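Here is what each chain is made of, one letter per residue.
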Amino acid sequence: MHLLFRGLFLVTLLVGVAGHAGADDTTFCVKQGTRNVLVPRANGECRGTESPQIITGTTGPIGPAGPEGPMGATGLTGVMGPAGPEGPVGATGPMGPVGLMGATGLTGARGLTGSMGPAGPEGPAGATGPMGPVGLMGARGLTGSMGPAGPEGPAGLVGATGLTGLTGPAGSTGATGPTGLTGLTGPAGPAGPTGLTGPAGGAFVYSQLCGGDCKVGTVGPGGGVIFFVDYHDQYPGFTYLEAAPVDIGPVAWCSDTTNSIAAVNGWAANAVGRGQANTTAMLSPTGPCTTGAANVADAYVSPNTTADWFLPSEGELMLMYTNLRQAGLGAFSPALYWSSSEDVAGYAWSQYFGNGDQANADKGYTFSVRPVRAF
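Residues numbered from 1 in each chain as written. Predicted model: local features only at pLDDT ≥ 70, side-chain atom pairs only at ≥ 80, totals over all residues. Heavy atoms only, no water.

Trainee: In this structure, what is going on with the overall build of the protein? I would like to understand it.
Mentor: Per the secondary structure count, the protein includes four helices and eleven strands. In the protein, buried positions account for 25% of the 375 residues. (Helix = DSSP H or I, 4+ residues; strand = E, 2+ residues; numbered from the N terminus. Buried < 20%, exposed > 50% of the residue type's maximum accessible area, 1.4 Å probe, protein only.)

Trainee: Quick question: what am I supposed to make of the packing of aromatic side chains here?
Mentor: What describes a pair of aromatic rings is the distance from one ring centre to the other and the angle between the planes of the rings. Scanning all chains against the criterion turns up 13 aromatic pairs. Ring plane angle 90° and centroid distance 6.0 Å describe the contact between Tyr 206 and Tyr 231, whose orientation is recorded as edge-to-face. Taken together, the residues Tyr 206 in the loop between strand 3 (50-55) and strand 4 (225-229) and Tyr 231 in the loop between strand 4 and strand 5 (240-243) connect sequence positions 25 residues apart. For Tyr 206, a relative accessible area of 22% translates into the label partly exposed. Overall, Tyr 231 belongs to the partly exposed group, its relative accessible area being 39%. Pairing Tyr 337 with Phe 353 gives two aromatic rings, centres 4.5 Å apart and planes at 45°, and the pair type is tilted. Pair noted here: Tyr 337 is in strand 7 (residues 336-344) and Phe 353 is in the loop between strand 8 (347-352) and strand 9 (358-362), with a separation of 16 residues, a long-range link. The exposure classification of Tyr 337 matches that of Phe 353, with both residues buried. Cluster of aromatic residues (ring-pair linked, three or more members): Tyr 321, Phe 332, Tyr 337 and Phe 353. (Phe/Tyr/Trp six-rings, centres within 6.5 Å; stacked < 30°, edge-to-face > 60°.)

Trainee: Explanation requested: unusual backbone geometry in the structure shown.
Mentor: Residues apart from glycine generally show negative phi values, whereas peptide bonds are mostly found in trans. With omega at 15°, the peptide bond leading from Gly 249 into Pro 250 counts as cis. Tracing the sequence through the fold places Pro 250 in strand 6 (residues 248-252). Ser 284 connects to Pro 285 through a cis peptide bond whose omega is 15°. Within the fold, Pro 285 resides in the loop between helix 2 (275-282) and helix 3 (293-299).

Trainee: Mind showing me how you'd approach the sheet that holds strand 4 here?
Mentor: Adjacent strands of a sheet form backbone hydrogen bonds with each other and so pair up, either parallel or antiparallel. Spatially, three strands are ordered 4-5-11 in an open sheet, and the strand pairing comes out antiparallel. A single partner strand is all that each edge strand has here, and the edge strands are strand 4 and strand 11 (372-374). The mean inter-strand angle of the sheet, taken between neighbouring strand axes irrespective of direction, is 25°. Pairing between strand 4 and strand 5: four bridges, direction antiparallel. (Pairing = 2+ DSSP bridges. Axes fitted to C-alpha atoms, helices over the stretch in contact; angles between N-to-C directions.)

Trainee: Explain helix 2 here, please?
Mentor: Two residues of an α-helix separated by three or four positions point the same way, owing to the 3.6 residues in each turn. Within the sequence span of helix 2, burial applies to Gly 275, Asn 278, Thr 279, Ala 281 and Met 282. Along the long axis of helix 2, the arc covered by the buried residues comes to 165°, so they all point the same way. Here the buried face of helix 2 lies against helix 3, helix 4 (314-323) and strand 7. (Arc of directions from axis to C-beta. Contact = heavy atoms within 4.5 Å.)

Trainee: Looking at this structure, I do not really get the confidence of the model for the protein. What am I missing?
Mentor: Summarising the model, the protein shows a mean pLDDT of 76, and 59% of its residues fall at 70 or more. Segment residues 197-201 is flagged for pLDDT under 50; beyond a separation of four residues in sequence, or across chains, it makes zero contacts in the model. (pLDDT = per-residue confidence, 0-100.)

Trainee: What should I look at first to understand the nonpolar core in this one?
Mentor: Membership of the largest hydrophobic core comes to 24 residues, with the highest contact counts inside it found for Trp 253, Met 282, Leu 311, Trp 338 and Val 369. Where this core is concerned, the elements lending two or more residues are strand 6, helix 2, helix 3, strand 7 and strand 10 (366-369). Core analysis: the next-biggest nonpolar cluster, separate from the first, contains 17 residues, Phe 227, Leu 241, Ala 243 and Phe 353 among them. (Core = buried A, V, L, I, M, F, W, Y, C linked by side-chain atoms within 4.5 Å.)

Trainee: Please clarify how the pairing of strand 7 should be interpreted in this entry.
Mentor: Working note: regular strand, side chains alternate between the two faces of the sheet. With seven of nine residues buried, strand 7 is to be regarded as a mostly interior element. For strand 7 and strand 8, the ladder comprises five bridges, and the chain directions are antiparallel. Bridging from a neighbouring strand, Tyr 337 pairs with Gln 351 of strand 8. Counted along the chain from strand 7 to the antiparallel partner strand 8, the turn is two residues long, and its residue Gly 346 has a positive phi close to 95°.

The following block contains the structure:
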């Protein structure tokens, strides 16, 4: 940039001198300390530190260009001229290629939270979700105290007199009159011979199938725990009841949860000794249960391969709770257990082994099963 400026300055100087060719003698002043700056002055008066330089006569023909002298010192920058008029806007060049995406800048500070806008209109209510499964029946609560007696209601209207009944059949013959006085006692007859002495009564003898006496709480021959002994021979067909060593389930009472099974309904079906008959009546093909509590009890095989298990009746379930659970035997959970006794269509009896309560429950509920066997 400096070389270009110096060249332009020398050309300007030569043109300025040539412009005065053919004129009368003219005084040019040279600033001291410079070599190429000539300033024309009227009347031959130089100023300040300028020295006069007189150019006389007309300019002769330009001789050949001499060798280029050394570049003079850079002159002072001239005053900037006024800005030229703005040129026309050039045509828009073609768009350059898209540059690479720069690195993501740091996250700025969080702005202040704006004020809350007005609440929007309430949306329509959502559709009601499907009903969840019915939960297990909770333990029976304590009986509340009896409330005060209510006021006595008004007496009902007297009913109309019924029709007179038909005349009854003739009465039976009257009672026999009193017996006459007893006659005097006759003399005593001779004493008869003494009868033979009867056999002595036998004591109860425990079975030894349990590796010793089969008593309540001992391990039975099926690998379970003995919970009942028929000391008085009340139940034909068995003397002992044994509970399996583990729970099964939870499962529903029966796959048919709506229809009644007559053979397992009623007081007799709740008794001790009815569990096996109840289970047989529940099972398909004679009964309606293709799956359920009776099915898993009947299919159970104990660790020592004993397989003659069934679902206990309500009475048998109560004996298990009383003789085992309350004594801390049998590894029972504080849970609800199914019996094989039905209450009404759709409901069967169960027992809560947390406190011994018995309750009817929907056959579709899933409770634990503890199989039993008799021998």
